[in-house]
Amino acid sequence: MEKIEELTREVCEELIRPKEKDIEENGLYIPETLSKLGELGFFGVSFPREYGGVGLTFEEALKSSIILSSYTSTISMIIGAHQLASLSIFLFGSDTLKQKYLSQLNKGRLIGAFSLTEPHAGSDPSSIKTTAFLNGDYYILNGTKAFVTNAGLANLYVIFAKTNPESGARGISAFVVEGDSEGLAVGHKEEKMALPYLPNAALVLKDVKVPKENLIGRANLGFIVAMKTLELGRILTSAGAVGLMERALHESIKYAKERTQGGQPISNYQIIQSYLAEMKTLLETSREIVLTAARKKDSNSPDLGLYSSIAKYYATKSAVDVTRLATQIFGGYGYVKGYTVERLYREAKMYEIVEGTNEIQKLIIANNILKG
Ligand SMILES: Cc1cc2nc3c(=O)[nH]c(=O)nc-3n(C[C@H](O)[C@H](O)[C@H](O)COP(=O)(O)OP(=O)(O)OC[C@H]3O[C@@H](n4cnc5c(N)ncnc54)[C@H](O)[C@@H]3O)c2cc1C
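Because the structure is predicted, anything quoted here is derived from the model rather than measured.

Conventions used here
Residues numbered from 1 in each chain as written. Predicted model: local features only at pLDDT ≥ 70, side-chain atom pairs only at ≥ 80, totals over all residues. Heavy atoms only, no water. Near = heavy atom within 4 Å. Polar contact = N/O pair within 3.5 Å; in protein donor to acceptor, adjacent residues only side chain to side chain. Helix = DSSP H or I, 4+ residues; strand = E, 2+ residues; numbered from the N terminus. Nonpolar A, V, L, I, M, F, W, Y, C, P; charged D, E, K, R; others polar. Domains from an automatic or database assignment. Core = buried A, V, L, I, M, F, W, Y, C linked by side-chain atoms within 4.5 Å. Buried < 20%, exposed > 50% of the residue type's maximum accessible area, 1.4 Å probe, protein only. Contact = heavy atoms within 4.5 Å. Phe/Tyr/Trp six-rings, centres within 6.5 Å; stacked < 30°, edge-to-face > 60°. Lys NZ or Arg CZ within 6 Å of the ring centre and 35° of its normal. Expected span 1.5 Å × (residues − 1). Arc of directions from axis to C-beta. Axes fitted to C-alpha atoms, helices over the stretch in contact; angles between N-to-C directions. Parallel < 35°, antiparallel > 145°, perpendicular 65-115°, else oblique. Left-handed = near helix turned anticlockwise from the far one by under 90°.

**Q** Account for the site of the ligand, naming residues and giving values.
**A** Looking at the ligand, there are 18 residues lining it, with Thr117, Ser123, Thr149, Thr357 and Glu359 nearest. Separating a nitrogen atom of the ligand from a backbone N or O atom of phenylalanine 114 is a distance of 2.8 Å. The contact in question runs from a nitrogen atom of the ligand to an N or O atom on the side chain of threonine 149, over 2.7 Å. Top element by residues in the shell around the ligand is helix α11 (residues 358-370). It accounts for three residues. Its residues assigned to classes, the shell around the ligand comprises eight nonpolar, seven polar and three charged. Shared between two domains, the shell around the ligand holds at least three residues of each, these being domain 2 (112-220) and domain 3 (224-370).

Following this line, the structure appears as structure tokens:
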């Protein structure tokens, strides 16, 4: 297991460290870095070898994701969003869909995206309005999706639409839609608080013809596809938050030892030590809960959903706390562009919102402990 961590670190040192600022701040080198990471197996670490994956456990894959995220949030988010598409197909797709798309996705030859949210349907996906009606051998999709990570970059979208608009959650189906399908267009691009080169945009669907065999699982059971995929996606998101904290702590320790005030390094001051201790505690407790959630997946535990929400809530909230303390340790420089911790603080906020807000995670946790 240590091998995957060592290997990930070696790859990140070579491929990402020298280009980090260019990737994060100027949007350079992203396609070529993705393609090299794809060749090396980073897109399908936990998927079986028969589908082009590396065949590691989810726990091992998560350890690798934590390291990758400590080097780059943009690339790690692109791969995370991509994996939501691969996971939907892997968990619920027919053999034909798996054979056709999974190996390509796991080798990074196709980039995936997962499109559930709509302008008026975020936390309540049962109210989506995009429709899909069967016409002969094709479903015809119409509607507008929002906030799609990888929109425009992806060549394969997993899109959720209502096959029975009269029903709520029970009227949703999931489809594989190829990026070059006629009638599919990338709409409004969001300008975000952080991650300027992570693509996030609307998708506009006008009479998009999707072969009926591209239905993932059964008609009207798409809500389950989304929820089961997101259970795993939330653990991946939490791993991203852990990587971010690891980086913020590393930068803070280095700065606290270097920066002198009052004739001594600020690391000599107990208040700074207290901040560092708090950061380390939040980092390590988050890591443990994220790996616990991953082990729930590896052991097919019925508690997977509960632990995935606990990990998402705790690790992403901790990432905001840790990066806030990091900027405080940097004093005025923590507020200045070009200092890594300033960027990390803004990036951390995203993790509390995506893949179900932290309020929704608390609802899931509460529902789990109150049931029965
Ligand atoms: C950077 C980024 C990337 C994203 N990538 C994707 C993607 O790839 N695919 C995709 O489908 N979506 C994506 N999203 C969308 C994301 O999943 C939604 O933004 C999120 O689910 C929240 O939905 P919303 O923005 O509509 O907020 P709303 O649902 O309108 O929520 C507003 C506030 O109300 C709270 N709230 C809502 N309902 C309840 C409730 N029942 N109880 C208590 N509080 C509640 C929320 O927690 C929040 O605080 C992305 C978003 C961002 C910012």
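Still more to cover.
**Q** Describe in detail the nonpolar core, supporting the description with residues and values.
**A** Residues Leu37, Leu62, Ile89, Leu141, Leu156, Phe160 and Phe175 are the most contacted members of the largest nonpolar core, which totals 106 residues. Broken down by element, this core gets its largest block of residues, 15 residues, from helix α7 (residues 222-258). Other than its neighbours up to four places away in sequence, isoleucine 89 contacts Leu97, Lys98, Tyr101, Leu102, Leu105, Leu156, Val158, Val176 and Ile216.

**Q** Which residues make up the packing of aromatic side chains, and what values go with them?
**A** One pass over the full model with this rule turns up seven aromatic pairs. The interplanar angle of 15° and the centroid separation of 4.0 Å between the aromatic rings of tyrosine 255 and phenylalanine 330 together place this pair among those described as stacked. Placement of the pair is tyrosine 255 in helix α7 and phenylalanine 330 in the loop between α9 (304-329) and α10 (340-351), with a sequence separation of 75 residues. Phenylalanine 330 carries the same exposure label as tyrosine 255, and that label is buried. Linked through ring pairs, Tyr255, Phe330, Tyr333 and Tyr339 together constitute an aromatic cluster. The ring of tyrosine 307 has lysine 296 sitting right over it, with the charged end atom 4.5 Å from the ring centre.

**Q** How would you sum up α11? Please name residues and give values.
**A** In a regular helix each residue adds 1.5 Å, so 13 residues correspond to 18 Å; α11 covers 18 Å between its end C-alpha atoms and thus fits that length. When α11 is considered as a whole, its buried residues turn out to be Asn358, Gln361 and Ile365. Projection of α11 onto a plane perpendicular to its axis shows the buried side chains occupying an angular sector of 50°, all on one side. In this structure, α11 carries Glu359, Leu363, Asn367 and Leu370 as exposed residues pointing more than 90 degrees from its buried face. In the stretch just after α11, glycine 372 is the one whose phi turns positive, near 80°.

**Q** Give a detailed account of the packing of α7 against α9, specifying residues and quantitative values.
**A** Remark: α7 packs on α9, axes separated minimally by 8 Å, with the N-to-C direction vectors making an angle of 20°. Between α7 and α9, the angle falls in the class roughly parallel. With respect to the hand of their crossing, α7 and α9 are arranged in left-handed fashion. For the contact of α7 with α9, the residue count by class is 16 nonpolar, nine polar and three charged.

In short, geometric facts, not functional conclusions.
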